[in-house]
Amino acid sequence: MKGTLSMNLNDLSSCSTMTKSPVWGVMDVLQWKLTPEKWGGGVGYIQKFKDSWVIHNRQIIKFAAAEFKLPAELLTGVCWIEVGGDPNFIDSVDLRSGPLTGAARNMLTGI
């Protein structure tokens, strides 16, 4: 396919360095939650981040949608919903080693 992004879907470790995607950090959470909208914070702040992230990654989204035979609009919507919110470092926190016990731990670990 002409203009198609070529990448190995089994090894996506290079994605973040390859695309230099916008990064959502602690300062962004503070701007979003604590700064009034009239000063650039609030819902408009996170929506602008989500929009810019999706625009920046549109080629990868289109490629993945075609590869897995999904509507590009569906995958774009899922990406828009999922990006932002928690700072990126939260994804690396291992919840299984936390203070959860019983049913809550079993739900997270799949046991």
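In what follows, the structure referred to is the one given above.
Here is what the cut-offs are and how they apply
- Residues numbered from 1 in each chain as written.
- Predicted model: local features only at pLDDT ≥ 70, side-chain atom pairs only at ≥ 80, totals over all residues.
- Heavy atoms only, no water.
- Helix = DSSP H or I, 4+ residues; strand = E, 2+ residues; numbered from the N terminus.
- Phe/Tyr/Trp six-rings, centres within 6.5 Å; stacked < 30°, edge-to-face > 60°.
- Lys NZ or Arg CZ within 6 Å of the ring centre and 35° of its normal.

Enquirer: Would you take a moment to explain unusual backbone geometry for this structure?
Expert: Where the residue is not glycine, phi is negative for most of them; where a peptide bond is considered, it is trans in most cases. Positive phi outside glycine occurs at Lys69, with the angle close to 55 degrees. Position of Lys69 among the secondary structure elements: in the loop between α4 (58-67) and α5 (72-82).

Enquirer: How should I be thinking about the packing of aromatic side chains in this particular structure?
Expert: Given two aromatic rings, one states the distance between the centres and the angle between the planes to describe the pair. One pass over the full model with this rule turns up three aromatic pairs. Among the aromatic side chains, those forming a connected cluster through ring pairs are Trp24, Trp32, Tyr45 and Phe49. Between Lys33 and the ring centre of Trp32, over which it is positioned, the NZ or CZ distance is 4.2 Å. Against the face of Trp80 rests Lys50, its NZ or CZ located 5.0 Å from the ring centre.

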